[in-house]
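Structure at a glance
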Amino acid sequence: MFKKLFKQTAIYGLATVLPRMFSFLLVPIYTELLPKAEYGKVSIIFSWMIFFNVILAYGMETAFFRFYNKEPDPKKVIETTTVSIFWSTLAFLLLALLCRHNLADWTGIDQQYIQYTIWILVFDALVIIPFSNLRAKQRPIYYALIKIGNVVVNLLLNLFFLIALPKVAAANPSGLLANCFFENFQIGYIFISNIVASLLTFLLLFPDYLRIKWQFDLDLWKRMMKYGLPILVAGIAFAINEQFDKILLGKLLPEDIADAEVGVYSACYKLGLFMVLFRTAYTLGIEPFFFSHAGKENATQTYATITKYFVIFGSFILLFVIVFADLLKYIMIRDASYWEAMKVVPLIILANFFLGIYTNLSVWYKLIDKTYIGAYISIIGAIITLVVNFLLIPTLSYYGSAIATILAYGSMMLISYFLGNKYYPIPYDKKRIGGYLGLSILLSILSFYFFRENYYVGIGLLLLFLYFIYHNEKDTLTRIMKRKSN
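Procedures and definitions
Residues numbered from 1 in each chain as written. Predicted model: local features only at pLDDT ≥ 70, side-chain atom pairs only at ≥ 80, totals over all residues. Heavy atoms only, no water. Helix = DSSP H or I, 4+ residues; strand = E, 2+ residues; numbered from the N terminus. Rg over C-alpha atoms; globule rule 2.2 N^0.38 Å. Areas by Shrake-Rupley, 256 points an atom, 1.4 Å probe, with all protein chains shown as cover. Lys, Arg positive; Asp, Glu negative; His and termini not counted. Charge placed at Lys NZ, Arg CZ, Asp CG, Glu CD. Axes fitted to C-alpha atoms, helices over the stretch in contact; angles between N-to-C directions. Parallel < 35°, antiparallel > 145°, perpendicular 65-115°, else oblique. Left-handed = near helix turned anticlockwise from the far one by under 90°. Contact = heavy atoms within 4.5 Å. Phe/Tyr/Trp six-rings, centres within 6.5 Å; stacked < 30°, edge-to-face > 60°. Buried < 20%, exposed > 50% of the residue type's maximum accessible area, 1.4 Å probe, protein only.

Moving on, we get to the overall build of the protein chain. Counting secondary structure elements, the protein chain contains 21 helices and zero strands. On C-alpha atoms alone, the protein chain measures out to a radius of gyration of 23 Å, which is about the 23 Å that the 2.2 N^0.38 rule sets for 486 residues. Projected onto the principal axes, the alpha-carbon positions of the protein chain cover approximately 70 × 65 × 50 Å. Taken as a whole, the protein chain presents about 22,400 Å² of accessible surface, with 67% of it coming from carbon and sulfur. Averaging the locations of the 42 positively and 29 negatively charged side chains of the protein chain gives two centres separated by 12 Å.

See the structure below:
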């Protein structure tokens with residue numbers, strides 16, 4: 001069972017990690033070619049996109065997995081969710097194009113970029129259910145190939161438009177490619193690259209729309225919406241927790257520095273991506289597993305064991321990234337003017353780790369069909385995010401946003417744990433989980449705030465933590481090694 005889970009998580013992780021690794025290449029390109037203010041504008045646009053991605057999915061992705069494993073006829077689930085997402089996305093496209101002027105005024109984003117964003121959102125929404133279908137049918141390799149292909153296309157087009165095309169146009173101003181080059185259009189090229197990549201992904205998965213009978217089960221849809229709408233609320237709250245700080249920075253700081261502050265914060269925020277990768281890959285593999293394993297006799301013990309090993313791996317990633325953060329910045333953020341925001345990196349990595357632990361702890365309300373509790377928890381996190389951002393941004397700028405993020409995710413983690421003990425008790429190994437988490441935080445503080453860039457001490461702290469893991473888990477490791485030898 002664990003072997004199968006690890007295999008699927010590894011493949012889904014590959015589908016997540018490789019694209020994100022490719023996107024790493026874009027961070028040094030963007031920060032090198034774009035002024036801080038321009039990069040800040042791009043970050044704000046992508047933050048708004050996260051909100052609309054959540055709205056266009058309206059909880060149907062998680063509802064799909066729940067009902068796919070629950071209903072006697074999974075085909076009805078596929079057809080009903082596909083029809084629902086298709087027509088709601090088409091309605092959004094028409095409404096958004098009609099209101100693009102108002103959206104531009106409301107968000108403060110150029111109308112041209114609004115149009116690009118609408119099409120990206122539409123193509124991404126139309127592949128939600130085809131991708132979910134691949135995961136439900138346990139076809140992780142095909143899923144991974146399409147996901148990786150999407151980002152490769154996006155990366156290559158970014159490299160072409162931002163680096164190659166200007167050189168070609170300068171070398172041959174009368175050439176055909178020179179007609180495709182426009183001065184000061186870097187942001188436009190970034191979004192055109194995304195549109196093409198999203199369109200190609202949609203075309204690859206379009207056959208899914210031809211295979212279904214386009215039948216719509218209204219009763220099933222109502223039950224799925226009842227299950228999914230709280231997840232939509234939770235998703236919006238999550239989007240607030242993850243992205244609204246950049247939007248608020250743009251609104252609450254003085255206009256002459258706002259975009260630049262968003263730019264440096266967003267660039268250094270990317271160093272927390274290693275924890276995001278781990279958390280996202282894990283979630284993709286674990287969510288279908290949790291639902292399919294829910295009826296087994298040892299389910300709660302399995303969930304407890306999985307959570308412990310998630311904390312072990314996550315604690316090591318936390319310490320590793322913080323120890324080497326100042327080396328990673330040379331690779332990812334080549335413009336030293338962005339480095340002023342490095343002080344947020346430990347907070348952002350730890351915040352994302354708390355979110356990963358919350359993902360583990362939140363399995364209970366999904367399994368007992370009380371997703372509204374998850375919505376309440378997320379709303380509490382969003383309220384903390386908004387209140388702390390409003391209080392701290394005027395005086396602490398982006399450091400206040402980082403504090404808000406860690407307080408929000410930490411609160412959500414603790415609330416989910418205590419409520420889970422009440423509604424769906426799981427026998428977590430609290431002593432060891434707390435030990436790994438506490439020690440990794442302590443060693444991270446020592447490394448970043450007392451021995452920063454002293455890699456002799458940093459590597460020593462890593463080795464100390466690895467020994468602590470070995471000392472506590474040596475019985476399990478010994479059993480694994482014996483199985484390997486047999």
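Contact geometry of helix H16 (residues 345-361) with helix H19 (residues 398-423) gives a least axis separation of 8 Å together with a crossing angle of 20°. Viewed along their axes, H16 and H19 adopt a mutual orientation that is roughly parallel. For H16 against H19, the interelement crossing comes out left-handed. Only Tyr-399, Ala-402, Ile-403, Thr-405, Ile-406, Tyr-409, Gly-410, Met-412, Met-413, Ser-416 and Tyr-417 of H19 make contact with H16, whose side of the interface consists of Leu-347, Ile-348, Leu-350, Ala-351, Asn-352, Phe-354, Leu-355, Ile-357, Tyr-358 and Leu-361.

This brings us to the packing of aromatic side chains. Scanning all chains against the criterion turns up 37 aromatic pairs. Relative to Tyr-209, the ring of Phe-206 lies with its centre 6.1 Å away and its plane at 25°, an arrangement referred to as stacked. For Phe-206, a relative accessible area of 34% puts it in the partly exposed group. For Tyr-209, a relative accessible area of 4% puts it in the buried group.

The values reported here are purely geometric and, on their own, carry no functional implication.
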